[in-house]
Amino acid sequence: TLKVQKSLLGTLNRISKPIVYFSQKKKHLRFYLNLGKKTRAFKWGILGCGNIANSFARDLVHIPDAQLWAAASHTPGKSMEFIRRHGGYNAYSTHDELLADRNIDVVYIATPHVFHFEQVKKCLEAGKHVLCEKPLAINEKQAQELIESSNQNALFLMEAMWTRFLPATVQVRKWIEGNAICDIT
């Protein structure tokens, strides 16, 4: 298990370093799209408009260079109410409509976990970066398939595991990578 976890950690580190960092000073994640010399903020789309999505949208406004662009829900009227409440530009009644929106750079998936694998897969196929609520997938095979797809398409993929960026977690990761605790193979 440790071997698999260390392998996945290496993959996440390799993917996320160019476009994600945690600001110790401002205590938030920053996501940037690298466009050569020019960088701009990500425009976010949210799949699912339930409680966790509402919490995410309330926090998104505190990230200086992030913009809520759209939300999608299969429940009639729910995405419209979500956009009215949190600000944004488009309310969609299907997830496919949101994925077709060329303005969206990254999709936050806040739907029930049984749908995550297929939704993440569709997002990556649509050329969208993905932040997915826990769990990313229901087994290692699915997770590996999604990681391979994100690597092949040069897209950011992350499970919404905010504890990964806590200072204590960062320090433990350094100890593990430096074999300071024990030799991990």
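So, here's what we can say about the structure. What you see is a predicted model; the values in this text were computed from it and never measured. (Residues numbered from 1 in each chain as written. Predicted model: local features only at pLDDT ≥ 70, side-chain atom pairs only at ≥ 80, totals over all residues. Heavy atoms only, no water.)

This next bit is on a nonpolar patch on the surface. A contiguous nonpolar patch, built from Val-172, Trp-175 and Ile-181 and spanning about 290 Å² of accessible area, is present on the exposed surface. Considering the arrangement of structural elements, one finds Trp-175 in helix H7 (residues 167-177). (Patch = residues over 30% accessible without salt bridge, like charges linked within 9 Å, V, L, I, M, F, W, Y side chains within 5 Å. Areas by Shrake-Rupley, 256 points an atom, 1.4 Å probe, with all protein chains shown as cover. Salt bridge = Lys/Arg side-chain N within 4 Å of Asp/Glu carboxyl O. Helix = DSSP H or I, 4+ residues; strand = E, 2+ residues; numbered from the N terminus.)

The next point concerns the packing of aromatic side chains. On inspection of all chains with the given rule, the structure shows three aromatic pairs. With a centroid separation of 4.5 Å and an interplanar angle of 35°, the aromatic rings of Trp-69 and Tyr-89 are classed as tilted. Of this pair, Trp-69 sits in strand E4 (residues 66-72) while Tyr-89 sits in the loop between helix H3 (78-86) and strand E5 (90-92), and the two are 20 residues apart along the sequence. Every member of this aromatic cluster is reached through a ring pair, and the members are Trp-44, Phe-56 and Tyr-108. The cationic tip of Lys-43 hangs over the ring face of Trp-69; the distance from NZ or CZ to the ring centre is 4.3 Å. (Phe/Tyr/Trp six-rings, centres within 6.5 Å; stacked < 30°, edge-to-face > 60°. Lys NZ or Arg CZ within 6 Å of the ring centre and 35° of its normal.)

Next up on the list: unusual backbone geometry. With an omega dihedral of -10°, the bond running from Lys-134 to Pro-135 counts as a cis peptide bond. Locating Pro-135 in the fold gives a position in the loop between strand E7 (129-132) and helix H6 (140-152). For Ala-154, which is not glycine, the phi dihedral falls at a positive 55°. Looking at where Ala-154 falls in the secondary structure, it is placed in the loop between H6 and strand E8 (157-159). Phi at Asn-179 takes a positive value of approximately 55°, unusual for a residue other than glycine.

Counting 23 residues, the largest nonpolar core has Leu-98, Val-107, Ile-109, Val-120, Val-130, Leu-146 and Leu-157 as its most contacted members. Among the elements that take part in this core, helix H5 (residues 116-125) stands out by supplying four residues, more than any other. If you look at the next biggest cluster of nonpolar residues, it comprises 22 residues, including Phe-42, Trp-44, Ala-160 and Phe-165. (Core = buried A, V, L, I, M, F, W, Y, C linked by side-chain atoms within 4.5 Å. Buried < 20%, exposed > 50% of the residue type's maximum accessible area, 1.4 Å probe, protein only.)

Such coordinate-based values are descriptive only and should not be taken to indicate function.
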